[in-house]
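# What the coordinates show
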Amino acid sequence: MINYLLSLGLLLVGLTSLNAQARPDQPVVLASVHPLALVAASIVPNERLKVLVPPGMTPHDFSLRPSDIDLIQSADIIVWSGVDNEPYLRGFAKRWPEKIWLNAADFRTPGMTSDPHLWFAPELVKQLQARLAGYLKQDAAPFARSVDEALKKSDEQLSGLQSRGFFVFHRAYDHWVNALQLNQLGAFTLSPEHRPGLRTLRQMRKQLERGDVVCVFSEPEFSPALVNRLTDGLDIGRGELDPLAMHIALDQDGYANMLVDMAKQAKQCLSATLSVESEPKVAE
Ligand SMILES: [Zn+2]
């Protein structure tokens, strides 16, 4: 009996160390949303990286499905935005405290806008990624450099356009707007599930008619009908921004690619009416 117990004990020790060998260098990382996965993808291989909120859904009204619970359970590190922004993860953070819950909101700095789309705050994202790199014993410097380069490129792209006013579809881009010092003049709605009120729309239409706003961004998940109606008959640049950057591939450069892509979109939209204005009208 003692022998049996001993060998069982040895077997268990063996199994545990096998387990320990397979896991620590290559933990499974779960990002709550795609843009946070873009950040993690800088140092986490795709086969070790999962995303919770699937394409076509927004974190604003997300609720967990049974399969998501397995996803959370199998993760070692969860990159998320905290209970205030992602209440659907509250219970799990309590239930599995042994997992690493890497909360982007912990990297907020005083005076920062309260916009919950923290992945658009490049400086915060660098801190977040550095913490993740620490857990994974990897170098954070290449990512920080790539973010700085993407911001520099964005500044160059948008040079001369920073003061041009624009509307966004939902209030998701404040951090990015601040980082690049752009002139956002309003949003149709705070959260995409809520339709804007008539008063807001009337006010926005007035602003558009006054010419303060040269560009309006819609979002791929929502019908542009509302934006079309609002800009009807006016010469306004139109562009699209995706708050979840779903079209950006999950790879090492994904986050920087997202920033560069946004600047490209913004440049196109903000300069759309410029080219019309600068062309001589007499030729027509
Ligand atoms: Zn949002």
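Keep in mind that this is a model prediction, so the values were computed, not measured.

Conventions adopted
- Residues numbered from 1 in each chain as written.
- Predicted model: local features only at pLDDT ≥ 70, side-chain atom pairs only at ≥ 80, totals over all residues.
- Heavy atoms only, no water.
- Helix = DSSP H or I, 4+ residues; strand = E, 2+ residues; numbered from the N terminus.
- Buried < 20%, exposed > 50% of the residue type's maximum accessible area, 1.4 Å probe, protein only.
- Contact = heavy atoms within 4.5 Å.
- 1 Å grid on protein atoms, 1.4 Å probe; cavity = no way out; pocket = protein on both sides within 12 Å on 5 of 7 lines; lining within 4 Å.
- Points joined across faces, edges and corners; volume = space filled by probe spheres on them.
- Pairing = 2+ DSSP bridges.
- Axes fitted to C-alpha atoms, helices over the stretch in contact; angles between N-to-C directions.
- Disulfide = S-S within 2.5 Å.
- Salt bridge = Lys/Arg side-chain N within 4 Å of Asp/Glu carboxyl O.
- Polar contact = N/O pair within 3.5 Å; in protein donor to acceptor, adjacent residues only side chain to side chain.

## Some points on the side chain of Q207
Tracing the backbone shows Q207 in helix α8 (residues 198–210). Looking at Q207, the relative accessible area reads 18%, which means it is buried. For Q207, the residues in contact, after removing those within four places along its chain, are F167, L185, D212 and V213.

## Thoughts on empty space enclosed by the protein
One pass over the full model with this rule turns up two cavities of 30 Å³ or more. By volume, the largest cavity is sized at about 110 Å³. What lines the largest cavity is a set of 16 residues, among which T58, P59, E221, P243 and L244 lie closest to the centre.

## With respect to the sheet that holds strand β5 (residues 165–170)
Here four strands make up an open sheet; going across it, the order is β6-β5-β7-β8 and the pairing parallel. Each edge of the open sheet carries a strand with a single partner, namely β6 (183–189) and β8 (237–240). Taken pair by pair, the neighbouring strands of this sheet meet at an average axis angle of 25°, ignoring direction. Of the pairings in the sheet, the one linking β5 to strand β7 (residues 213–218) comprises three bridges and is parallel in character. Bridging from a neighbouring strand, F166 pairs with C215 of β7. In the packing of α8 onto the sheet, the strands contacted are β5, β6 and β7, and the crossing angle to β6 comes to about 145°.

## Let's talk about the state of the cysteines
With the rule as written, the count across this model stands at one disulfide. Here C215 connects covalently by a disulfide to C269, the sulfurs 2.1 Å from one another. One disulfide, between C215 and C269, carries an S-S torsion of 110° and so falls in the right-handed class. Of this pair, C215 sits in strand β7 while C269 sits in helix α10 (residues 254–278), and the two are 54 residues apart along the sequence. In this structure, C215 and C269 share a single accessibility class: buried.

## Here we look at the pattern of salt bridges
Scanning all chains against the criterion turns up six salt bridges. The partner of E209 in a salt bridge is R205, and the shortest N-O contact between them spans 2.8 Å. You can see E209 and its partner R205 sitting in helix α8, four residues apart, about one turn around the helix. When its relative accessible area of 24% is taken as the criterion, R205 is described as partly exposed. Across the salt bridge formed by R210 and D212, the nearest N and O atoms sit 3.1 Å from each other.

## Side note on the environment of H247
Within the secondary structure, H247 sits in the loop between β8 and α10. With 11 residues separating them in the primary sequence, H247 and M258 have C-alpha atoms 8.8 Å apart. Apart from residues no more than four positions distant in its own chain, H247 is found in contact with D242 and D261. Polar contacts involving the side chain of H247 include one to the side chain of D261, which spans 2.7 Å.

## A short note on the sheet that holds strand β4 (residues 100–103)
Reading across the sheet, the four strands line up as β2-β1-β3-β4 and stay open at both edges, with parallel pairing between neighbours. Two strands in the sheet have a free side with no partner beyond their single neighbour: β2 (49–51) and β4. Taken over all neighbouring pairs, the strand axes of this sheet differ in orientation by 20° on average, direction set aside. Pairing analysis gives four bridges linking strand β3 (residues 77–80) to β4, with the strands arranged parallel. Looking at β4, one finds that I78 is bridged to W101.

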